[in-house]
Amino acid sequence: MQQAHDALKAVLNTPHGQVRHNLVRSIQTTVKARGISQAAGAQQCGFARTRFTRLMGKSAITIFSLDALIDIASRMQIPVAIQVTEDDPGDAAQCELAL
């Protein structure tokens, strides 16, 4: 259990992980707000119910890639906009996700 927690913490400590986390939360919130069942959600996303169950779980950000999450959001008609900004030319670019 601690190993899973450490993996989740490591992902969240990266900008990429933060974007994935925000996208997973948005998908999960939308599913709950729309009252989408596991069977209906799995069908809409185009995968098995067990995979949809994983999407709704706490470790979803360690299981699903950013590409997969964007595809899932699109299939669920959740608008996603990604903006990359660079405050200082010497700094690494920052990525923000607007849902």
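Just above sits the structure.
Residues numbered from 1 in each chain as written. Predicted model: local features only at pLDDT ≥ 70, side-chain atom pairs only at ≥ 80, totals over all residues. Heavy atoms only, no water.

Asker: Sorry if this is basic, but what is going on with helix α2 (residues 15-34) here?
Answerer: Working note: α-helix, 3.6 residues per turn, so residues spaced by three or four point in the same direction. For α2, spanning 20 residues, the distance from its first C-alpha to its last is 29 Å, which sits close to the expected 28 Å at 1.5 Å a residue. Within the span of α2, buried status applies to Gly-17, Val-19, Arg-20, Leu-23, Val-24, Ser-26, Ile-27, Gln-28, Thr-30 and Val-31. A positive phi of about 65° marks Gly-35, the residue just after α2. (Helix = DSSP H or I, 4+ residues; strand = E, 2+ residues; numbered from the N terminus. Expected span 1.5 Å × (residues − 1). Buried < 20%, exposed > 50% of the residue type's maximum accessible area, 1.4 Å probe, protein only.)

Asker: I tried to follow the nonpolar core on my own but got confused; where do I start?
Answerer: Soluble globular proteins tend to bury their nonpolar side chains together. By size, the foremost hydrophobic cluster in this structure holds 20 residues, and its most contacted members are Ile-27, Phe-52, Leu-55, Leu-69, Ile-72 and Met-76. Of all the secondary-structure elements, those providing two or more residues to this core are α2, α3 (38-45), α4 (49-55), α5 (60-63) and α6 (66-75). Per-element accounting of this core gives the leading share, 5 residues, to α2. The residues contacting Ile-72, other than those within four sequence positions of it, are Ile-27, Cys-45, Phe-47, Leu-55 and Phe-64. (Core = buried A, V, L, I, M, F, W, Y, C linked by side-chain atoms within 4.5 Å. Contact = heavy atoms within 4.5 Å.)

Asker: How should I be thinking about the packing of α2 against α6 in this particular structure?
Answerer: When two helices pack together, their arrangement is given by the angle between their axes and by how far apart the axes lie. Packing of α2 against α6 brings their axes to within 10 Å, and their N-to-C directions diverge by 25°. Accordingly, the angle class assigned to the pair α2 and α6 is roughly parallel. Crossing hand, α2 versus α6: left-handed. Here α2 contributes His-16, Val-19, Arg-20, Leu-23, Val-24 and Ile-27 to the contact with α6, which in turn contributes Leu-66, Leu-69, Ile-70, Ile-72 and Ala-73. Classifying every residue of the contact of α2 with α6 gives 9 nonpolar, 1 polar and 1 charged. (Axes fitted to C-alpha atoms, helices over the stretch in contact; angles between N-to-C directions. Parallel < 35°, antiparallel > 145°, perpendicular 65-115°, else oblique. Left-handed = near helix turned anticlockwise from the far one by under 90°. Nonpolar A, V, L, I, M, F, W, Y, C, P; charged D, E, K, R; others polar.)

Asker: I'm lost on the pattern of salt bridges in this one. Help?
Answerer: Pairing of side chains with opposite charge becomes possible as their charged atoms draw close. All chains considered together, the criterion is met by 1 salt bridge. Arg-75 is paired through a salt bridge with Asp-71; the nearest N and O atoms lie 3.0 Å apart. Placement of the pair is Arg-75 and Asp-71 together in helix α6, with a separation of 4 residues, close to one helical turn. On the basis of relative accessible area, Asp-71 is assigned to the partly exposed category, the value being 38%. (Salt bridge = Lys/Arg side-chain N within 4 Å of Asp/Glu carboxyl O.)

Asker: Please explain the packing of aromatic side chains as it appears in this structure.
Answerer: For any pair of aromatic rings, the description rests on two quantities: the centre-to-centre distance and the angle between the ring planes. Counted according to the given criterion, the structure contains 1 aromatic pair. For the pair Phe-47 and Phe-64, a centre-to-centre distance of 6.4 Å together with 35° between the ring planes defines the contact as tilted. Placement of Phe-47 in the loop between α3 and α4 and of Phe-64 in the loop between α5 and α6 is noted, with a sequence separation of 17 residues between them. Pair check on accessibility: Phe-47 and Phe-64 agree, each one buried. (Phe/Tyr/Trp six-rings, centres within 6.5 Å; stacked < 30°, edge-to-face > 60°.)

Asker: What am I meant to see in unusual backbone geometry here?
Answerer: Most peptide bonds take the trans form, and the phi angle of most residues other than glycine is negative. Residue Gln-77 is not a glycine yet carries a positive backbone phi of 60°. Locating Gln-77 in the fold gives a position in the loop between α6 and β1 (81-85).

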